[in-house]
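# Secondary and tertiary structure notes
One-letter residues, chain by chain:
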Amino acid sequence: MNFKLKKLVPLLALLVLVSSSINAWSADDNASGQEAIANTTSTAETTAPENVAGESGAIASTASTSETTAPENAAGENDTVAATASEPGNVTDAGAVETLQEPFDPFNVIVYKPLWALTSAIGDFNPIGKHVSAPLEESVPGLRVKGFINSITQINTTSTDHNTGLGGRNKDWRLQKQEFRTQLELKYQANENIEFVNVNNFQYDGAYDFQDSDGLYTDGSSNQKYYSQFKRIVREAYVRGNYGNVNFTLGKQIVNWGKMDGKVIDFVNAADGRDVVDFHIGDYEWRAIGQWMANVSLRPTENITTTFLWNPDFQPNVGPAGGSPWWFPFAPSPVSSAQRPPERNPSGFDRLADSEGGVRVDTTIGALSLSGIYYNGFDRDAVFNTSDNTLHHTRLNRYGYALDYGTSIFGQRLIIRSEALYSHGKAFGTSDTSAPGGIVKKDQLKLAVAFETSVGSDENKVDILYQPIWTRQLGWDSRTGAKLNDVLHVVNLSHSVRKTNDKLDLSTTGYISGGSGYDGLSYNVSAGWKFNDYLKATLAYNDFIGKDDDIPWGAYRKWKNVTLDVKYEF
């Protein structure tokens, strides 16, 4: 297939989703039509006796000769009706309607019926909620116990290649991921003002143990196969206070300043980006790394909230470990984590001047929500300093905003979101030999705008999202390796099938690179089935298209996979 034509694959996937949605609409419309016919028939059957009764009353009031002829006339009329009804193709032939059979539908037999049967067998399955959470909450007033158990199985669908990509990766595995995730969340409401919260995460990836692979190995990095560090297991542990116009959160916590794909202004907490191009918005919460912070909010007026944040607990972003399934295919795999250069991480606990701080102001004006942010802290991504052969995190100033506006157009909802971040003094590595330590500082602007709407009737909506993300290095210098204009187009279509009582949802998302250069593209198609309020399974196909030097998307062209995600929440 011509490489350019491959770019159309995500669009074809989107068209398949729309086509299936249209079929669902047609089926529902036909069902509605049949229901209308049934209602009409029922009405006719109900009114007929009233008419007959009226005629009988009139006949009864006539002379005896009329009483004698009435049955003959009635018989003649009945004969006529019977003759008419017996004609072929006449819709009044009840027998003909009863003999109609539905055409064979393999999808219904292979997919729908087994899913419904399994759903019926599972019922209200919630063993931990019923036998653990509920008794604990009943015995300890104010306690809330919740969490989930999540199994993610990812099978690589490409052939074995012992020299993959620019880095020559030995990609000889099939099981690309077998993560077992568990989260336990404990909340205790001490009184009407104070609440204690503890969230613990546990993860184990069986991809290293469940198969024989030379290309997969642990390189000594922390938390690679399973969470082993306290800071990863204890994700959050804080006390939250609510005193009307003054609220505070003190302790280890996750602060979400942004909510768009691409983490435009959602930078306060470090993230575990071990999945690289497979790391999307649905995984942001799980991969966020909790940090010890003080978060205080004041509400001087009804529609203005000001939040002050002090963060002494710097944590760096984490990438894939050497030997892990998602290690960069465009770089050689390190045998040991000790081979990587040492990293200098600032700490406000050891030196108060290394603390970070920020402020956020939120307000609403009708349907418009607007936020402004300022943050002074260290870059979560390190840059290599050639003077001491060490990775450094440089301090920079960040300014940003978030905008959210909801309205309707042509009877459909329209939501416009936008986030932007201006980073002043961001460090870049450079090939300029005159730059101290091989580092230059540039300003960077990142902007994202999202448009969300729906098409279709209220009962059969297809939700549509389009979000371009634009990044530009101001005072661009090609020696830093940055693109002049880096653009990523995110397109998503999703549909909840109402005739399954919203148990089945379909979705497809495309990530298409653009701007000053083409870096490949990615898309996924998924179908999820909700067995009950606690158990859901999702089957997805993830594709990456491009060439080895189309970094990052195309470089992972041999990481295509099928993923089964089963999640039980209690």
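Model, not experiment: these values are computed from the prediction.

## Some thoughts on the overall build of the protein
On a plain count of helices and strands, the protein comes out with 8 helices and 23 strands. Expressed as a percentage of the 570 residues in the protein, the buried residues total 42%. A separation threshold of at least 6 residues defines the contact pool for the protein, and within that pool the share at least 24 residues apart is 60%. When the accessible area of the protein is evaluated, it comes to approximately 29400 Å², of which 58% is carbon and sulfur surface.

## Quick look at helix H6 (residues 127-139)
Given 3.6 residues to a turn, an α-helix orients residues that are three or four positions apart in the same direction. When the terminal C-alpha atoms of H6 are compared, their 18 Å separation across 13 residues agrees well with the 18 Å that a helix rising 1.5 Å per residue should span. Where H6 bends most, at serine 133, the angle is about 30°, and the proline proline 135 comes one to four residues later.

## Examining the side chain of aspartate 550
If you trace the backbone, aspartate 550 turns up in the loop between strand S22 (535-545) and strand S23 (561-569). Buried charge without a salt bridge: aspartate 550, with lysine 547 as the nearest opposite-charge side chain at an N-O distance of 4.9 Å. There is a polar contact of 2.8 Å between the side chain of aspartate 550 and the backbone nitrogen of lysine 547.

## Some words on helix H5 (residues 106-122)
When the terminal C-alpha atoms of H5 are compared, their 24 Å separation across 17 residues agrees well with the 24 Å that a helix rising 1.5 Å per residue should span. All of the buried residues along H5 are Tyr112, Thr119 and Ile122. Elements in contact with the buried residues of H5: strand S19 (485-497), strand S20 (504-515), strand S21 (521-530) and S22. After H5 finishes, the residue glycine 123 shows a positive phi value of roughly 60°.

## Looking at the packing of aromatic side chains
In total, this model carries 23 aromatic pairs according to the counting rule given. For the pair tyrosine 511 and tryptophan 553, a centre-to-centre distance of 5.7 Å together with 15° between the ring planes defines the contact as stacked. Pair noted here: tyrosine 511 is in strand S20 and tryptophan 553 is in the loop between S22 and S23, with a separation of 42 residues, a long-range link. There is no split in this pair, since tyrosine 511 and tryptophan 553 are both buried. Taken together, the aromatic side chains of Trp173, Trp326, Phe544, Tyr556 and Trp559 make up a single cluster linked through ring pairs. The cationic tip of lysine 171 hangs over the ring face of tryptophan 173; the distance from NZ or CZ to the ring centre is 5.7 Å. Here the guanidinium or amino end of arginine 232 rests over the ring plane of tyrosine 227, the centre of that ring lying 4.6 Å away.

Thresholds, definitions, all that
- Residues numbered from 1 in each chain as written.
- Predicted model: local features only at pLDDT ≥ 70, side-chain atom pairs only at ≥ 80, totals over all residues.
- Heavy atoms only, no water.
- Helix = DSSP H or I, 4+ residues; strand = E, 2+ residues; numbered from the N terminus.
- Buried < 20%, exposed > 50% of the residue type's maximum accessible area, 1.4 Å probe, protein only.
- Contact = heavy atoms within 4.5 Å.
- Areas by Shrake-Rupley, 256 points an atom, 1.4 Å probe, with all protein chains shown as cover.
- Expected span 1.5 Å × (residues − 1).
- Bend = angle between axes of the 7 residues up to and from the residue.
- Lys, Arg positive; Asp, Glu negative; His and termini not counted.
- Salt bridge = Lys/Arg side-chain N within 4 Å of Asp/Glu carboxyl O.
- Polar contact = N/O pair within 3.5 Å; in protein donor to acceptor, adjacent residues only side chain to side chain.
- Phe/Tyr/Trp six-rings, centres within 6.5 Å; stacked < 30°, edge-to-face > 60°.
- Lys NZ or Arg CZ within 6 Å of the ring centre and 35° of its normal.

Honestly, that's just the spatial picture; any functional story needs more than this.
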